[in-house]
Amino acid sequence: MANVGMVGLDWQQRINWERLRNYRLERARARMKAHGLGAMLCMYDENCRYITGTLTPGWNRLKPGLRYALLCGDDAPVLFEQGDIGLHIQKHSPWIPKENVRWSYAWIKGAAGPASLQQVTKFTNAIKQEMKKRGVEGMKLGVDFIDINMIQIFKDAKIDWVDGMTPMMEARAVKNEDEQECMRMVGAIGDAAHWETMKFLKPGLTENQVTAHIMEYLYNIPGMEDVEDVIVSSGLNTWPNWRNFSDRIIKPGDIVFMDLAALTWNGYKSCYYRTYCVGKEPTQEQKDYYAIALKWLYDSIKAVKVGTTTREIASKWPSAKEAWGYEEEDQAAANLWGHGLGLAQYDQPVISRIWSLDHPVEIKEGMTFALETQHGKNHQWGVRIEEMLIVHKEGVEIVSNFPVEQITVVDPMPGYSSYGKL
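Since this is a predicted model, take the numbers as computed values, not measurements.

From N to C terminus, the protein chain includes 11 helices and 16 strands. Scaling as 2.2 N^0.38, a compact globule of 422 residues should have a C-alpha radius of gyration of about 22 Å, and the protein chain matches this with 23 Å. Projected onto the principal axes, the alpha-carbon positions of the protein chain cover approximately 75 × 50 × 45 Å. Sorting the 422 residues of the protein chain into buried and exposed places 55% on the buried side. Across the protein chain, the fraction of contacts at a sequence separation of at least 24, relative to all contacts at a separation of at least 6, is 67%. Element-wise, carbon and sulfur atoms account for 53% of the exposed surface of the protein chain, whose accessible area totals about 18900 Å². A gap of 3 Å separates the mean positions of the 48 positive and 54 negative side-chain charges of the protein chain.

Counting buried positions along helix α6 (residues 165-173) yields 7 of 9 residues, so the element is predominantly enclosed. Where α6 is concerned, the buried positions are Met-165, Pro-167, Met-168, Met-169, Ala-171, Arg-172 and Ala-173.

Following the criterion strictly, the structure yields 15 aromatic pairs and no others. Seen in terms of ring centroids, Tyr-68 and Phe-80 are 4.8 Å apart; in terms of plane orientation they differ by 20°. Their pairing is stacked. Separated by 12 residues along the polypeptide, Tyr-68 in strand β2 (residues 68-72) and Phe-80 in strand β3 (residues 78-81) bring together distant segments of the chain. Just as Tyr-68 is buried, Phe-80 falls in that class too. Note on Tyr-289 and Trp-381: the rings are 5.0 Å apart at their centroids and 75° apart in plane angle, and the pair reads as edge-to-face. Of this pair, Tyr-289 sits in helix α9 (residues 284-302) while Trp-381 sits in strand β14 (residues 381-392), and the two are 92 residues apart along the sequence. The exposure classification of Tyr-289 matches that of Trp-381, with both residues buried.

Close contact between helix α7 (residues 177-200) and helix α8 (residues 207-219) brings their axes to 10 Å; oriented N to C, the two are set at 140°. The orientation of α7 with respect to α8, classified from their angle, is oblique. Classified by chirality, the crossing of α8 by α7 is right-handed. Where α7 approaches α8, its residues Ile-189, Ala-192, Ala-193, Glu-196, Thr-197 and Phe-200 are matched on the opposing element by Gln-209, Val-210, His-213, Ile-214, Tyr-217 and Leu-218. Here the residues of the contact of α7 with α8 are counted per class, giving 8 nonpolar, 3 polar and 1 charged.

The rules behind the values
Residues numbered from 1 in each chain as written. Predicted model: local features only at pLDDT ≥ 70, side-chain atom pairs only at ≥ 80, totals over all residues. Heavy atoms only, no water. Helix = DSSP H or I, 4+ residues; strand = E, 2+ residues; numbered from the N terminus. Rg over C-alpha atoms; globule rule 2.2 N^0.38 Å. Buried < 20%, exposed > 50% of the residue type's maximum accessible area, 1.4 Å probe, protein only. Contact = heavy atoms within 4.5 Å. Areas by Shrake-Rupley, 256 points an atom, 1.4 Å probe, with all protein chains shown as cover. Lys, Arg positive; Asp, Glu negative; His and termini not counted. Charge placed at Lys NZ, Arg CZ, Asp CG, Glu CD. Phe/Tyr/Trp six-rings, centres within 6.5 Å; stacked < 30°, edge-to-face > 60°. Axes fitted to C-alpha atoms, helices over the stretch in contact; angles between N-to-C directions. Parallel < 35°, antiparallel > 145°, perpendicular 65-115°, else oblique. Left-handed = near helix turned anticlockwise from the far one by under 90°. Nonpolar A, V, L, I, M, F, W, Y, C, P; charged D, E, K, R; others polar.

Just geometry here; none of it tells us what the structure is for.
Following this line, the structure appears as structure tokens:
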């Protein structure tokens, strides 16, 4: 497939959503068994969605425990949805048996106060009951989230809980053909959003006006569920890159970059930077810095292949000391960076000189991730660029297609003076 269209049709095979759901569920089940677990309790929404294929409101996603899912042995997952939202699941998601849709017992990370222990007790009893019913009582329970309220009650209930995030990370790391097509769709939407940014940018706008415009543009696209961040930084805000936006007025000649940080189309997320110069050609120094960042980026992309590791990719980047004079790699966290993309902004692999040189992860066919590099001068200007890619047996497919080989110049005008400029 190659980004054939956004909606389902009767005359053309596009994303096969049933195949996608089945692949994700069985991959999670396989990793659960490989880790010797009888069941997995998924409380992070990306994991809950991975095994159930269900959508919950945005406010429900970032609060583990408002909804959760339990996968036991070879049985269908059991979904504990917030309140009566489960009635919508029963109606619209027939791949989950109706009798497997429950209501959750939430304590909202302790916001329930003295009632938290009461709620966690009900939560725990329901988990134990399902495990007993499905023949995995007493076996290890993988958990992707734990809080202080759960620890003692799990101990009292004699639940043998262990790390459940690692098997879920392993499962999510490799995407099937349908997930890969979702990433192509995310790339195409990102291309369009950067083109819209190029047309909309002009001196006099504020960073938050540009952010608002692109947010509105994205939410008009069918299948768009969420836009976590549209990062618009200009001028001195571009270095160090504070990865945010403000009410700063964009001036003639400013460097601006925009990042689509987690536009979410049918669950699948982006990360996609491009750098612009507004109203004039960038200086030769800015072009030179951009060329350096571009070389860092494409040197690392060329190192990506099946069977290599994240060490080989990260080693293409300079140390934080060499690049910016920093004392530790952690001081430059996310400056030279790679991270998996899928139902979460951070699937595996996550690539950085902080850890990849000493703890390499193997690159596998079907991984989808972004690589991003940046460079700049403190409190003056910076550049940042990023590509999203799919790993195939025969090579790398880049799904971000907006021009990248030079800074994108928007409506340049002659006649600028550099006299008296800081």
